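Coordinates in review
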Amino acid sequence: MGRTPCCDKNGLKKGPWTTEEDQKLIDYIQKNGSGNWRILPKNAGLQRCGKSCRLRWTNYLRPDIKRGKFSLEEEETIIHLHSILGNKWSAIAVRLPGRTDNEIKNYWNTHIRKKLLRMGIDPITHRPRLDLLDLNSIFNPSLYNSTQWNNNLSRLLGVQSLVNPEISQFPLIFSPPKPKFLIAK
DNA sequence: AATATAAGCAACCGCCTCTTG
DNA sequence: ACAAGAGGCGGTTGCTTATAT
């Protein structure tokens with residue numbers, strides 16, 4: 001039943017890629033395309049599993065990858081898309097040509113996330129952190145509303161519309177994501 | 001100059017969905 | 001319809017480099 005095993009994991013190399021390995025992978029894909037990752041390592045003469053080859057190609061070797069610092073525009077796009085999509089890095093990457101999901105994820109975790117936290121914004125919900133607000137602001141909505149917050153935040157970051165208005169209505173009831181095992185198939 | 005700590009990032013791990021036989 | 005592998009994705013780790021003391 002099913003298909004033949006992916007690859008014999010014994011003896012396969014792990015860890016950082018060498019320039020020779022990179023070149024083998026590039027040469028093979030330029031000649032044959034990046035279709036079947038299962039047979040690719042063997043045909044390309046690589047002691048790697050297909051998964052490792054795919055990751056190396058998509059995150060590093062692909063010719064259309066844009067390397068270097070993220071622009072302010074890209075950062076704004078990431079924040080905006082994250083407010084809508086959450087941690088769907090591959091979906092976010094689709095909207096940022098030349099950037100990989102891994103690169104965006106790393107940038108989020110090392111830069112943007114910290115930046116938002118410094119500003120008192122929860123990087124998950126894109127709303128003010130409740131533990132940093134005084135009770136008056138929580139129980140007296142007239143003192144504080146999402147539009148004000150969004151406007152202030154947008155002004156600080158130079159973003160036109162930071163948060164999707166549909167989800168930024170500052171609900172006082174926090175609803176965490178439904179665990180995967182509770183989601184019916 | 002040496003050491004400690006923080007930041008950045010490539011790559012791995014494990015889970016989930018899709019595809020195939 | 002079902003089982004099992006392939007491919008894809010997000011989370012995490014651990015190595016390297018930069019900065020502070």
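Heads up: these notes are all about the structure in this document. (Residues numbered from 1 in each chain as written. Chains lettered and ligands numbered in written order. Predicted model: local features only at pLDDT ≥ 70, side-chain atom pairs only at ≥ 80, totals over all residues. Heavy atoms only, no water.)

**Examining the environment of Arg 67**
The line we're drawing: In DSSP terms, a helix is any run of H or I states spanning at least four residues, a strand is any run of E spanning at least two, and both are numbered starting from the N terminus. For every residue, the accessible area obtained with a 1.4 Å probe (protein chains only) is divided by the maximum for its type, and the residue is called buried under 20%, exposed over 50%, and partly exposed between those limits. The criterion used for residue contact is that any of the two residues' heavy atoms lie within 4.5 Å.
Along the chain, Arg 67 turns up in the loop between α3 (50–61) and α4 (72–85). Owing to a relative accessible area of 47%, Arg 67 belongs among the partly exposed residues under this scheme. Separated by 32 residues in sequence, Arg 67 and Arg 99 have C-alpha atoms that sit 7.7 Å apart. Not counting residues within four places of it along the chain, the set of residues in contact with Arg 67 comprises Asn 59, Tyr 60, Arg 99 and Glu 103.

**Quick notes on the nonpolar core**
Let me state the cut-off plainly: The term nonpolar core refers to a set of buried residues drawn from Ala, Val, Leu, Ile, Met, Phe, Trp, Tyr and Cys, joined through side-chain atoms within 4.5 Å.
Core analysis: the largest hydrophobic core is formed by 14 residues, its most contacted members being Ile 78, Ile 92, Ile 104, Trp 108 and Ile 112. No other element matches helix α6 (residues 101–118), which puts five residues into this core. When neighbours within four sequence positions are excluded, Ile 104 is seen to be in contact with Phe 70, Ile 78, Trp 89, Ile 92, Ala 93, Leu 96 and Arg 99. Counting 12 residues, the second largest nonpolar core, distinct from the first, contains Leu 25, Ile 26, Ala 44 and Leu 46.

**Structural notes on the environment of Trp 57**
Examined against the element boundaries, Trp 57 turns out to sit in helix α3. For the pair Trp 57 and Ser 34, spaced 23 residues apart in sequence, the C-alpha separation works out to 8.7 Å. In this view, Trp 57 contacts Leu 25, Ile 26, Ile 29, Ser 34, Trp 37, Arg 62, Pro 63 and Ile 65; residues no more than four positions away in its chain are not counted.

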